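Geometric and topological summary
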Amino acid sequence: MKFAVNNEGFYGEFGGMFIPDVLRPTVEEVRDKYLEVIESADFRREFRSLLRDYAGRPSPLYLAKKLSRKYGAQIYLKREDLNHTGAHKINNALGQALLAGKMGKQRIICETGAGQHGVATATVCALFGMKCVVYMGAKDVARQRPNVERMRMLGAEVKSVDHGQGTLCEAINEALADWCEHAADTYYLIGSAVGPHPFPDMVAKFQSVISEEIKEQLQEKIGRDYPDTLMACVGGGSNAAGTIYHYLDDDRVRIVLSEAGGQGTDTPFTAATLQLGRALVLHGSRTLVLQDADGNVRDTYSISAGLDYPGVGPLHAHLAQTGRAELVAVDDDEALAAAFELTRLEGIIPALESSHALGALPKVKLREGEVVVLTVSGRGDKDMDTYLQHIDRFV
């Protein structure tokens with residue numbers, strides 16, 4: 001495959017394993033074992049059973065008729081918001097927790113921004129009887145309170161990170177520091193397609209159930225197994241990786257990736273890494289990173305906690321550099337408008353992250369009748385406080 005990871009963990013010039021020496025044996029153990037474990041018949045059987053009977057897959061592929069009429073295309077929504085825990089994150093959490101158990105790890109740590117990965121990880125740790133510690137930026141703890149309480153109810157210890165911006169970047173830093181200190185008995189269940197090899201590839205593989213189902217569902221609905229256009233939001237990039245995984249080398253399929261424009265890509269208050277970032281090593285891999293004039297990691301901003309991150313997965317950096325993906329920055333107001341539009345037209349309240357994918361619909365040229373699949377990565381329950389603050393402006 002042209003866009004597959006190579007043996008050293010690189011997608012083109014992006015990726016790799018850049019980690020402290022104390023973590024190298026632990027990460028290399030994961031690298032050396034993950035393919036053997038996850039490709040075994042026993043693992044696949046157990047994973048598929050859990051996706052079906054516990055997570056509730058397959059998630060529906062829904063033809064949004066009123067949205068389609070507005071934009072002149074056949075717009076299908078891949079409903080990851082209907083999974084157990086309310087987002088696509090459960091797919092990867094189940095897979096990695098199973099892997100961790102087979103490696104003898106019973107203490108799980110993770111990072112979370114919007115809280116959906118934290119909830120998914122806390123959920124699978126409760127299911128498998130594992131100890132769970134979730135690192136979350138203090139700013140995100142405040143704006144995603146419902147998910148914080150869900151994690152605690154599930155038995156997780158939520159550690160608020162109050163230095164720096166207090167967002168996802170700092171949460172990852174603290175999780176990595178914890179892993180360095182407790183490498184022998186701890187597994188870091190990374191939630192997005194970021195980090196050192198093999199995590200970007202592993203997360204993409206576990207999330208690829210999304211595109212696998214899209215192929216089957218489109219075949220049933222329209223008589224072919226590919227759309228004209230795929231659309232997804234990108235922060236770190238796990239739902240996007242899953243959406244596009246089986247279509248990366250299919251030139252018939254256009255890929256549109258939406259990122260957080262914040263208050264505008266011409267302002268300091270943005271998280272549009274794919275368009276504004278430059279190559280740098282961040283959190284264990286070489287990727288595109290928002291930087292200041294001195295090459296330091298820049299502060300970011302987005303109304304969406306899950307997209308408020310200065311980096312991006314190395315796969316997506318490679319897709320951007322090679323031109324395989326079209327990039328769209330959706331600002332806060334455009335995302336809010338798209339969320340209220342979907343709510344009123346289709347009766348679906350999306351997560352703020354997913355609203356950035358929806359916000360790209362008016363910004364891309366769609367042919368009359370073309371088949372579009374857009375992934376609704378999560379539901380909007382967690383974002384109700386934010387939506388209610390803006391409802392009078394958009395309704």
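Preceding this paragraph is the structure being described.
Residues numbered from 1 in each chain as written. Predicted model: local features only at pLDDT ≥ 70, side-chain atom pairs only at ≥ 80, totals over all residues. Heavy atoms only, no water.

1. A closer look at empty space enclosed by the protein
The tally for this structure, following the rule as stated, stands at two cavities of 30 Å³ or more. Roughly 320 Å³ of internal volume is contained in the largest cavity. What lines the largest cavity is a set of 30 residues, and nearest its centre among them are H88, K89, S238, G306 and E353. Looking at the lining of the largest cavity, the elements with two or more residues in it are β5 (107–112), α5 (116–128), α8 (168–181) and α11 (238–244). Size it by volume and the second largest cavity reaches roughly 40 Å³. (1 Å grid on protein atoms, 1.4 Å probe; cavity = no way out; pocket = protein on both sides within 12 Å on 5 of 7 lines; lining within 4 Å. Points joined across faces, edges and corners; volume = space filled by probe spheres on them. Helix = DSSP H or I, 4+ residues; strand = E, 2+ residues; numbered from the N terminus.)

2. Quick word on the packing of helix α4 (residues 89–102) against helix α9 (residues 199–207)
One can describe the packing of α4 onto α9 by two numbers: an axis separation of 8 Å at closest approach and a directional angle of 120°. Classified by the angle between their axes, α4 and α9 sit oblique to one another. Where α4 crosses over α9, the two elements pack in a sense that is right-handed. Every residue of α9 that contacts α4 at K89, N91, N92, G95, Q96 and L99 is listed here: F199, M202, V203, F206 and Q207. (Axes fitted to C-alpha atoms, helices over the stretch in contact; angles between N-to-C directions. Parallel < 35°, antiparallel > 145°, perpendicular 65-115°, else oblique. Left-handed = near helix turned anticlockwise from the far one by under 90°. Contact = heavy atoms within 4.5 Å.)

3. Looking at the sheet that holds strand β7 (residues 157–161)
Taken together, the four strands give an open sheet; going across it, the order is β7-β6-β5-β8, and neighbouring strands pair in parallel fashion. Either end of the sheet is taken by a strand with one partner, and the two such strands are β7 and β8 (186–188). The sheet shows a mean angle of 25° between the axes of neighbouring strands, taken without regard to direction. One ladder, built from six bridges, connects β5 with strand β6 (residues 131–137); its direction is parallel. Each bridged residue has a counterpart across the sheet, and for I109 the counterpart in β6 is V133. Of the strands in this sheet, β5, β6, β7 and β8 are in contact with α8, which crosses β5 at around 160°. (Pairing = 2+ DSSP bridges.)

4. Considering the state of the cysteines
Counted under the stated rule, the structure contains zero disulfides. Free of any disulfide, C169 has its nearest cysteine sulfur in C180, 15 Å distant. Taking relative accessible area as the criterion, C169 reaches 10% and is therefore assigned buried. The cysteine C233 is free of any disulfide, with C110 supplying the nearest cysteine sulfur at 18 Å. (Disulfide = S-S within 2.5 Å. Buried < 20%, exposed > 50% of the residue type's maximum accessible area, 1.4 Å probe, protein only.)

5. With respect to the nonpolar core
Formed by 93 residues in total, the largest nonpolar core has its most connected members in M151 and Y187. Dropping the residues within four chain positions of it, M151 is found in contact with T112, G115, G118, V119, A122, V134, M136, A156 and V158. Counting 27 residues, the second largest nonpolar core, distinct from the first, contains L307, V330, V364 and V372. (Core = buried A, V, L, I, M, F, W, Y, C linked by side-chain atoms within 4.5 Å.)

6. Regarding helix α14 (residues 332–346)
In a regular helix each residue adds 1.5 Å, so 15 residues correspond to 21 Å; α14 covers 21 Å between its end C-alpha atoms and thus fits that length. Every buried residue of α14 is accounted for by D332, A335, L336, A338, A339, F340, E341, L342 and E346. A side-chain oxygen of the first residue of α14 lies 3.1 Å from the backbone nitrogen of D333; this N-cap is D331. Trailing α14 by a residue or two, G347 shows a phi angle of about 70°, which is positive. (Expected span 1.5 Å × (residues − 1). Polar contact = N/O pair within 3.5 Å; in protein donor to acceptor, adjacent residues only side chain to side chain.)

7. Digging into the packing of helix α2 (residues 41–55) against α4
Between α2 and α4, whose axes approach to 10 Å, the crossing angle comes to 140°. Between α2 and α4, the crossing angle belongs to the class labelled oblique. Crossing hand, α2 versus α4: right-handed. Contacts between α2 and α4 involve F43, E46, F47, L50, L51, Y54 and A55 from the first element and I90, N91, L94, G95, L98, L99 and K102 from the second. Classifying every residue of the contact of α2 with α4 gives ten nonpolar, two polar and two charged. (Nonpolar A, V, L, I, M, F, W, Y, C, P; charged D, E, K, R; others polar.)

8. Structural notes on the environment of L248
Its location among the elements puts L248 in the loop between α11 and β10 (254–262). The exposure class of L248 is buried, given its relative accessible area of 3%. L248 sits 124 residues away from V372 along the chain, and the two C-alpha atoms are 16 Å apart. If we ignore the near neighbours within four places in the chain, the residues touching L248 are F3, I255, L315, L319 and R324.

9. With respect to the layout of surface pockets
There is about 240 Å³ of room inside the largest pocket. Of all elements in the fold, only α2, α9 and α10 (209–222) reach the threshold of two or more residues within the lining of the largest pocket. Counting residues per element, the lining of the largest pocket draws most heavily on α2, at four residues. Looking at the lining of the largest pocket residue by residue, the classes come out as six nonpolar, two polar and five charged. Roughly 180 Å³ of volume is contained in the second largest pocket. Together, R48, L51, R52, R57, P58, V209, E212, E213, E216 and Q217 line the second largest pocket. Only α2 and α10 provide two or more residues apiece to the lining of the second largest pocket. Looking at which element gives the most residues to the lining of the second largest pocket, the answer is α10, with five residues. Taken together, the residues of the lining of the second largest pocket sort by class into three nonpolar, one polar and six charged.

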